[in-house]
Amino acid sequence: MQDGKTYTGGCHCGQVRFECTTDLAMVTACNCSICTKKGLHITFLAPQSFQLRAGEDNLKEYLFNKQMIRHQLCIDCGVEVFARGKKPDGTEVVALNVSCIDGIELSRLTLTPIDGRSL
């Protein structure tokens, strides 16, 4: 399991809930179209470090561009909680919307710029 702290979180309405373990060592500030429009800040987790605790039936999947990342949105409040995809080497990964972690303060995190527009 990934080293770090265990966090809980979820969408705005509370229908989708998760638990994860992460060190939040890298939280992205990506300039791609979806991250820019939604204000997403993502950290990447191994699938075994992420557990969906509630709301699986309350998720809608959104695909765009190369359709490689399966964005998961709450069907009630519309918040994108996480996404599933693969790293360039084929390893499965969960991309967690850090803003969905309970009590998180983005201003206390170091954000890593990512040039997603060029990908």
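So, how was this worked out
- Residues numbered from 1 in each chain as written.
- Predicted model: local features only at pLDDT ≥ 70, side-chain atom pairs only at ≥ 80, totals over all residues.
- Heavy atoms only, no water.
- UniProt positions renumbered as here; feature names shortened; annotations may be inferred.
- Helix = DSSP H or I, 4+ residues; strand = E, 2+ residues; numbered from the N terminus.
- Rg over C-alpha atoms; globule rule 2.2 N^0.38 Å.
- Buried < 20%, exposed > 50% of the residue type's maximum accessible area, 1.4 Å probe, protein only.
- Contact = heavy atoms within 4.5 Å.
- Areas by Shrake-Rupley, 256 points an atom, 1.4 Å probe, with all protein chains shown as cover.
- Core = buried A, V, L, I, M, F, W, Y, C linked by side-chain atoms within 4.5 Å.

An unreviewed UniProt entry lists the protein chain under the name Glutathione-dependent formaldehyde-activating, GFA, with Nitrobacter winogradskyi as the source organism. For the record of the protein chain, the UniProt heading Sequence similarities (unreviewed entry) holds the text "Belongs to the Gfa family."

1. Quick word on the overall build of the protein chain
From N to C terminus, the protein chain includes one helix and ten strands. Ordering the α and β elements of the protein chain from the N terminus gives β-β-β-α-β-β-β-β-β-β-β. For 119 residues, the compact-globule formula gives about 14 Å, and the C-alpha radius of gyration of the protein chain, at 13 Å, lands near that figure. Each principal axis of the C-alpha atoms in the protein chain carries an extent, and together these give about 35 × 30 × 30 Å. For the protein chain, the proportion of its 119 residues judged to be buried stands at 37%. Look at the contacts in the protein chain between residues 6 or more apart in sequence, and 52% of them connect residues 24 or more apart. If you sum the accessible surface of the protein chain, you get close to 7,100 Å²; carbon and sulfur atoms cover 49% of it.

2. Regarding the nonpolar core
In this structure, Phe18, Cys20, Phe50, Val81, Phe82, Leu96 and Ile101 are the most contacted members of the largest nonpolar core, which totals 18 residues. The set of elements that each furnish at least two residues to this core consists of β2 (17-22), β8 (80-86) and β9 (92-97). The residues touching cysteine 20, leaving out its near neighbours within four places in the chain, are Lys5, Thr6, Tyr7, Leu45, Ser49, Phe50 and Leu96. Counting residues in each nonpolar core, the second largest holds eight residues, with Cys32, Ile34, Leu40 and Ile42 among its members.

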